[in-house]
Each structure stands twice: as C-alpha cells, then as structure tokens.
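Working through the structure, step by step
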Amino acid sequence: MTPHLVLVRHARPRVDPGTPSSEWELSPEGRQAAGALAGRLAAFAPVRAIMSPEPKARQTASAVCGPLGLAPEADAGLAETRRRSVGVLSPEALEAGIARFFAEPDRLVFGEETADAAFDRFSAAVERHRPASGPMLVFSHGTVISLYVSRLSGVDPMSFWRSLQLPHALALGADGQVIDSVTL
C-alpha cells in the first residue's frame, strides 16, 4: 500500500540546556542517522517534502531530501507545540507536562498553546501543501506528530509519543492509519 503521508520525527538533537529546544541542532549521531534514513524513505517515492522551520527538523529534512532529489519547503505550522516558557526539563517533568497537554486538549496547561490549537495549526499546514497525488514527507516533532496521528487513527497520544524514536518515520494511508513505521 502506498502512503499518502510520511511523518518524520527529526533525528537526535544536541541538547543545550542554555538554549530553547526550538533552537537545538542535530547532534553528530543525529546527522548520521538522518542521512541513513534517506535510503529507507526512498521506497515510498515521495513527490514533495515540507518541514518545520526549527533547526533539528530542517537539518533532518536536508539530510533526507538531498539524496531523494526533493527541496523541502518550510512551514511554521509544522513547528513543535509552542512551549518556550517551559524551558528545558528533566525527562520526568517533560513527560508529565506532555501527558497533561494530551489529557486536557482544550486548556492551556503546558506552554503557550493548547493541544487543540496545535492540532489545528499542524493539520492546516499539511493540507496547504498536500500534493494532488503521491506521498508527501512531513518533517516535524514528536509531540505534534503524536497529537496528529492520535486524532486521525484513534491511538492513545501518550503511548504513541513514548513509542517514537529519533528519527522515526510513519507512513499513513488515506484513512489516517499508520501502515508502516521506519526507524534505524
């Protein structure tokens, strides 16, 4: 089955506690993994690519799209959930905040936007760029991808978020269900 959409979570960033996560770049191992992902995604024969403007997503997109002959387009609608005020958290605090974000989607509980607003923003960006035919690659981030997939397919967003790797590609069928999952 040919996917309609391939959502790609960026590769591993270099964590810098003094810098907002929205400005992190890929780590050396992240760059290597992103390059290796290109060969795995070629089988989907994507015709278009869009990306979050955040450095880690842009760098993942560049590493994948170059070998595929695609020029990814940036769209701010694909950025991670807006949570600049949260800062860099311990893994436990981050997970607790994300769990609350998913559990209370209409309330501002973790950062500067609700889950409902993040879903609407991300969905609109995907629809703005969707090609008339052929699969599209979407380079983005774990929380917003989990939110999007959970609403399309009915999976639990927190369990889905926990399952994502760095990088991770998810091929979705026309019905929004995950038909393939690619990790390294």
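Keep in mind the model is a prediction, meaning the values are calculated, not measured.

Our next topic: helix α5 (residues 142-153). Here α5 spans 16 Å end to end across twelve residues, near enough to the 16 Å set by a 1.5 Å rise per residue. Taken across its twelve residues, α5 has ten buried, putting it largely inside the fold. A positive backbone phi angle near 85° is found at Gly154, which sits one or two residues after α5.

Turning our eyes to something else, we now look at the nonpolar core. If you look at the biggest cluster of nonpolar residues, it comprises 28 residues, and the most contacted ones within it are Leu5, Leu7, Phe122, Val138 and Tyr148. Put simply, the parts of the chain that give this core at least two residues each are β1 (5-9), α3 (91-103), α4 (115-129), β4 (136-140), α5, α6 (157-163) and β5 (168-172). For this core, the element with the most residues is α4, which contributes six residues. Beyond its immediate stretch of four places on either side in the chain, Leu5 contacts Val126, Arg130, Met136, Val138, Tyr148, Leu170, Ala171 and Leu172. In this structure, Ala61, Leu137, Phe139 and Ala169 belong to the second largest nonpolar core, which totals 17 residues.

Okay, the packing of α4 against α5 next. Two elements in contact, α4 and α5, have axes separated by 9 Å at closest approach and are oriented at 85°. Between α4 and α5, the interaxial angle falls into the category roughly perpendicular. Here Ala115, Asp116, Ala118, Phe119, Arg121, Phe122, Ser123 and Val126 of α4 lie close against α5, whose contacting residues are Val144, Ile145, Leu147, Tyr148 and Arg151. A breakdown of the residues in the contact of α4 with α5 according to their chemical character gives nine nonpolar, one polar and three charged.

Criteria and cut-off values
Residues numbered from 1 in each chain as written. Predicted model: local features only at pLDDT ≥ 70, side-chain atom pairs only at ≥ 80, totals over all residues. Heavy atoms only, no water. Helix = DSSP H or I, 4+ residues; strand = E, 2+ residues; numbered from the N terminus. Expected span 1.5 Å × (residues − 1). Buried < 20%, exposed > 50% of the residue type's maximum accessible area, 1.4 Å probe, protein only. Core = buried A, V, L, I, M, F, W, Y, C linked by side-chain atoms within 4.5 Å. Contact = heavy atoms within 4.5 Å. Axes fitted to C-alpha atoms, helices over the stretch in contact; angles between N-to-C directions. Parallel < 35°, antiparallel > 145°, perpendicular 65-115°, else oblique. Nonpolar A, V, L, I, M, F, W, Y, C, P; charged D, E, K, R; others polar.

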